[in-house]
Amino acid sequence: MTEQKLISVIVPCYNEEEVLPLFYAEITKVSAQMQEQYPELAFEYLFIDDGSKDRTLQKLRELSRSDTRVRYISFSRNFGKEAGIYAGLSNAKGDYCVVMDADLQHPPAFLPTMYEAVRSGEYDCATTRRVSRAGESKVRSWFARLFYRIMNRISQTEIVDGAQDFRFMTRQMVDAVLSMTEYNRFSKGIFSWVGFRVKYLEYENVERAAGTTAWSFWGLFRYSIEGIIGFSTAPLTVSVILGLVSCLIALIMIVATVIKKLCFGEPVDGYPTTICSIFFLGGLQLFCTGIVGLYLSKTYLEVKHRPIYLVRETEENRDRFAAADEAKKEP
Ligand code: UDP
Ligand code: MG
């Protein structure tokens, strides 16, 4: 018999009580099919409850009671999906790790193909790339495309448009990702930064099975700024160039004024130019300090070395918390 290979399926969940049962049914079905085809495989399902406010945690408790392959980590509050992915990868025991969403937008049916690509050693990672953004609003897709265009122009780390956080990775790549312990995590950048051989599988966008997306437009906007700041220092250069250009303009204006004074004397006008230059330079300065501030704030958060996530409950101390919850419900 060949050596056993464990696949850890890592699923960050935030308010996913509605889709969890669907997801569990689907993933166990696919796992069973894969085990038939590749008898060396074993699975563990590692759910990360990212401080959900609904009954996600209770659902996870139930699942972990009835199925020993189910493990979970419940955060002390909402830390964001990036922290969830990091926690999952740090705690996974598998020879391979898969990161996927709970909402079935990352169809488990891809797993056999992904495993096939990675198993032979030809690739270290298999991921999906959506070729359409069906089911997404036009404005949102437009901004998404704009983000990728800007990002790839100003950053050395290539971020593939449509690439997703649905990844099947070898232990080697997982360890590489974990060696990046930064606090401001932008997974798309991190996965690309570590390199390795990546196989892209293309597919059409699928809509959420149930529940609603946790991402608002502004949430996504902030996230894209995070990506740019985290993986490029180009904005700092922009601010330096803007500063230089405005100094140059000011210099020309000074020379022009002096010449004008010498040739024509000084009438009282000049009020508009003064106001204009004050506004122009003031705006420019604010813009540049703003950019510097953004980098500084990120550096500030990094040097604090805060933990990326904090755990309240796992399947190991489950019964203590479950008992308290049930006692509360009784009266
Ligand atoms: N998620 C999370 N923490 C958050 C927000 C989202 O763990 O703060 C999880 C969520 O449960 C889901 C995945 O991240 O499994 C993707 O979220 P969602 O479907 O809302 O995003 P979208 O598919 O619209 O990008
Ligand atoms: Mg989704």
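Enquirer: Could you give an account of the site of ligand 1, with specific residues and numbers?
Expert: Around ligand 1 lies a shell of 16 residues, among which Pro 12, Glu 16, Asp 50, Asp 103 and Gln 105 are the nearest. One of the side-chain nitrogen or oxygen atoms of Asn 78 is found 3.2 Å away from an oxygen atom of ligand 1. At a separation of 2.6 Å, an oxygen atom of ligand 1 approaches a polar side-chain atom of Asp 103. In the complex, the protein chains occlude 87% of the 520 Å² of accessible area that ligand 1 would expose alone. A per-class count over the shell around ligand 1 returns six nonpolar, four polar and six charged.

Enquirer: Can you break down a nonpolar patch on the surface residue by residue, with the values?
Expert: A cluster of nonpolar side chains, Val 139, Trp 142, Phe 143, Phe 217, Trp 218, Phe 221, Ile 225 and Leu 294, forms an exposed patch at the surface whose accessible area comes to about 780 Å². Counting residues per element, the ones that place at least two in the nonpolar patch are helix H5 (138–154) and helix H8 (217–231). Element by element, the count of residues in the nonpolar patch is highest for H8, at four residues. Within the secondary structure layout, Val 139 lies in helix H5.

Enquirer: Any details on unusual backbone geometry? Residues and values, ideally.
Expert: With a phi angle near 65 degrees, Leu 104 is a residue other than glycine that sits in the positive phi range. One can find Leu 104 in the loop between strand E4 (96–99) and helix H4 (111–119). The backbone of Phe 196 sits at a positive phi, close to 70 degrees, despite the residue not being glycine. Positionally, Phe 196 belongs in the loop between helix H7 (187–193) and strand E7 (198–203). A relative accessible area of 33% places Phe 196 in the partly exposed class.

Enquirer: Mind laying out the side chain of Glu 315, listing which residues take part and the relevant values?
Expert: Looking at the secondary structure, you find Glu 315 in the loop between strand E8 (311–314) and helix H11 (318–329). A polar contact of 3.5 Å, which involves the side chain of Glu 315, links it to the side chain of Arg 71. One polar contact links the side chain of Glu 315 to the main-chain amide nitrogen of Tyr 72, over a distance of 2.9 Å. If we skip the residues at most four places from it in the chain, Glu 315 touches Ser 64, Arg 71 and Tyr 72.

Enquirer: Which residues make up the packing of helix H3 (residues 81–91) against helix H6 (residues 171–178), and what values do they have?
Expert: In the contact formed by H3 and H6, the axes pass within 10 Å of each other and the chain directions differ by 130 degrees. Between H3 and H6, the interaxial angle falls into the category oblique. Classified by chirality, the crossing of H6 by H3 is left-handed. Between H3 and H6, the contacting residues are Tyr 86, Leu 89 and Ser 90 on the first element and Val 174, Val 177 and Leu 178 on the second. Here the contact of H3 with H6 is composed, by residue class, of five nonpolar, one polar and no charged.

Enquirer: Which residues make up the pairing of strand E5 (residues 125–130), and what values do they have?
Expert: By the criterion of burial, E5 is predominantly enclosed, with five of the six residues buried. The pairing of E5 with strand E6 (residues 163–170) spans four bridges and is antiparallel. The residue of E6 that forms the bridge with Arg 129 is Ala 163.

Enquirer: Let's hear about the environment of Leu 111: which residues, and what values?
Expert: Topologically, Leu 111 is positioned in helix H4. Residues in contact with Leu 111, not counting those within four places in the same chain, are Ile 27, Val 30, Met 34, Val 98, Phe 166 and Phe 168.

Enquirer: Can you lay out the state of the cysteines for me, pointing to particular residues and giving the numbers?
Expert: With the rule as written, the count across this model stands at zero disulfides. Note on Cys 97: no disulfide assigned, nearest cysteine sulfur contributed by Cys 125 at a separation of 11 Å.

Enquirer: Run through the pattern of salt bridges, naming residues and quoting values.
Expert: The full count for this structure, using the stated rule, is 13 salt bridges. Between Arg 129 and Glu 202 there is a salt bridge, with the nearest N and O atoms lying 2.8 Å from each other. Residue Arg 129 is found in strand E5, and its partner Glu 202 is found in strand E7; the two are separated by 73 residues along the sequence. Residue classification places Arg 129 among the partly exposed residues on the basis of a relative accessible area of 24%. Beyond isolated ion pairs, a larger network of salt bridges with shared partners links Glu 44, Arg 71 and Glu 315.

Cut-off values and rules
Residues numbered from 1 in each chain as written. Chains lettered and ligands numbered in written order. Predicted model: local features only at pLDDT ≥ 70, side-chain atom pairs only at ≥ 80, totals over all residues. Heavy atoms only, no water. Near = heavy atom within 4 Å. Polar contact = N/O pair within 3.5 Å; in protein donor to acceptor, adjacent residues only side chain to side chain. Areas by Shrake-Rupley, 256 points an atom, 1.4 Å probe, with all protein chains shown as cover. Nonpolar A, V, L, I, M, F, W, Y, C, P; charged D, E, K, R; others polar. Patch = residues over 30% accessible without salt bridge, like charges linked within 9 Å, V, L, I, M, F, W, Y side chains within 5 Å. Salt bridge = Lys/Arg side-chain N within 4 Å of Asp/Glu carboxyl O. Helix = DSSP H or I, 4+ residues; strand = E, 2+ residues; numbered from the N terminus. Buried < 20%, exposed > 50% of the residue type's maximum accessible area, 1.4 Å probe, protein only. Contact = heavy atoms within 4.5 Å. Axes fitted to C-alpha atoms, helices over the stretch in contact; angles between N-to-C directions. Parallel < 35°, antiparallel > 145°, perpendicular 65-115°, else oblique. Left-handed = near helix turned anticlockwise from the far one by under 90°. Pairing = 2+ DSSP bridges. Disulfide = S-S within 2.5 Å.

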